[in-house]
Amino acid sequence: MDSDLFSRRRAERFAQLLDEANGGRRHHVRSRADDELNALVEVPRRLAAERPDVAVDPDFRAGLRAMVVAAAEREGVAAPERPTGVRNALLPAITGRRARARGAILVGVAAGAIALSGISAASENALPGDALYGMKRSTERAQLALASSDVSRGQLFLDFARTRLDEASSVRDDRLGFSAVLDDMDSDTRQGVRLLTSVAAQRADPTALDAVDAFLAGQRRVVSGLLDRPDHADRDRTRRSLALLDAAGKRADALRETIACGLPAPATGDALGPTPASCPADR
């Protein structure tokens, strides 16, 4: 798929959602990216409702302004030309949509940058149950919505799985909370592995699997450390997460072999991505 076209469609859909959120006409369409984009549309409201008592660094504010102004000039948002002549009579509607789409990109850049500034710093250590934990998760969803490719998105999911593991290590005397964090961790692991294995299969290139291998090496070690928890149910729940990591490792190894054999991309898949066939014995 043309990544530029895909990004443009996401930007145009984001512009529609922004219009709707601000009382504009509803567009009776749906997109597969709506969940991620709605999370990004929601960020400004959450920032206003849950604003922590932190100050944005003046240098960051100046840099952000310069970045947005430069992007506006590059995209032609600041000074649109007025169409003239009969030939251009039908252009205003198209120009308006493109301007909103470009504006949506700028809003996304600004929202993403702000989410990663002082506000994000205030929530990055929040744990489940803390006041800023919802903001922390909203920031993560905004990062996913701003990701430019499946590789970037897959790596983000694996980063979030690491974050969930750090949270699980800090949850004490709360069996339900511990299990819920591991559930989220496993979900992030599956989505990250699925995206990266899918890219590797589609491109017949194992490079994307390197991120999976690096993730599994560190994640297995830390998850294994949770087996010393005194509660038997916690240890059983931890073993399920370890089993998922083992399955992800086997999937990545099998896919590497399939790519090395020169077999076509697998036609079937599951929660961990494509299910590769075995290489012929004579290869």
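Keep in mind that this is a model prediction, so the values were computed, not measured.

**What about the overall build of the protein chain?**
Argument step 1. Looking only at helices and strands, the protein chain has 10 helices and two strands in total.
Argument step 2. Starting at the N terminus and ending at the C terminus, the protein chain contains elements arranged as α-α-α-α-α-α-α-α-α-α-β-β.
Argument step 3. Restricting to contacts in the protein chain with at least 6 residues of sequence separation, those with at least 24 account for 67%.
Argument step 4. Entry remark: accessible area of the protein chain is about 16,300 Å², with carbon and sulfur atoms responsible for 52%.

**Let's talk about the packing of helix α8 (residues 175-203) against helix α9 (residues 207-225)**
Argument step 1. Following both chains from N to C, one finds α8 and α9 inclined at 155 degrees, their axes separated by 8 Å at the closest point. One finds that α8 runs roughly antiparallel with respect to α9. Relative to α9, α8 is oriented so that their crossing is left-handed. Contacts between α8 and α9 involve M185, T189, V193, L196, T197, V199 and A200 from the former and A208, L209, A211, V212, F215, Q219 and V223 from the latter.
Argument step 2. Counted by class, the contact of α8 with α9 contains 11 nonpolar, three polar and no charged residues.

**A short note on the confidence of the model for the protein chain**
Argument step 1. In the predicted model, the protein chain carries a mean pLDDT of 78, and 66% of its residues have values of at least 70.
Argument step 2. Per-residue pLDDT, averaged within each element of the protein chain, yields its smallest value for helix α4 (residues 91-115) (55) and its largest for α9 (96).
Argument step 3. Low pLDDT (under 50) marks residues 77-82, which in the prediction has five contacts with non-local residues, meaning those over four places away or in another chain.

**A word on the pattern of salt bridges**
Argument step 1. A complete count under the given rule lists 17 salt bridges for this structure.
Argument step 2. In this structure, R164 and E140 form a salt bridge, with 2.9 Å as the shortest nitrogen-oxygen distance. You can see R164 sitting in helix α7 (residues 150-170) and its partner E140 sitting in helix α6 (residues 133-146), a full 24 residues away along the chain.
Argument step 3. Relative accessible area serves as the criterion here: at 0%, R164 is assigned to the buried category.

**A word on the packing of aromatic side chains**
Argument step 1. Scanning the entire structure with this criterion turns up zero aromatic pairs.
Argument step 2. Its guanidinium or amino end placed over the ring of F178, R229 lies 3.9 Å from that ring's centre, counting from NZ or CZ.

**Digging into the packing of α9 against helix α10 (residues 232-261)**
Argument step 1. It is the contact of α9 with α10, at a shortest axis distance of 10 Å, that shows an interaxial angle of 155 degrees. Classified by the angle their axes make, α9 and α10 are roughly antiparallel. Like other packed secondary-structure pairs, α9 and α10 cross with a definite hand, here left-handed. Between α9 and α10, the contacting residues are L209, D210, V212, D213, F215, L216, Q219, R220, V223 and S224 on the first element and T238, S241, L242, L245, D246, A248, G249, A252, L255 and R256 on the second.
Argument step 2. The residue makeup of the contact of α9 with α10, split by class, is 10 nonpolar, five polar and five charged.

Definitions and cut-offs
Residues numbered from 1 in each chain as written. Predicted model: local features only at pLDDT ≥ 70, side-chain atom pairs only at ≥ 80, totals over all residues. Heavy atoms only, no water. Helix = DSSP H or I, 4+ residues; strand = E, 2+ residues; numbered from the N terminus. Contact = heavy atoms within 4.5 Å. Areas by Shrake-Rupley, 256 points an atom, 1.4 Å probe, with all protein chains shown as cover. Axes fitted to C-alpha atoms, helices over the stretch in contact; angles between N-to-C directions. Parallel < 35°, antiparallel > 145°, perpendicular 65-115°, else oblique. Left-handed = near helix turned anticlockwise from the far one by under 90°. Nonpolar A, V, L, I, M, F, W, Y, C, P; charged D, E, K, R; others polar. pLDDT = per-residue confidence, 0-100. Salt bridge = Lys/Arg side-chain N within 4 Å of Asp/Glu carboxyl O. Buried < 20%, exposed > 50% of the residue type's maximum accessible area, 1.4 Å probe, protein only. Phe/Tyr/Trp six-rings, centres within 6.5 Å; stacked < 30°, edge-to-face > 60°. Lys NZ or Arg CZ within 6 Å of the ring centre and 35° of its normal.

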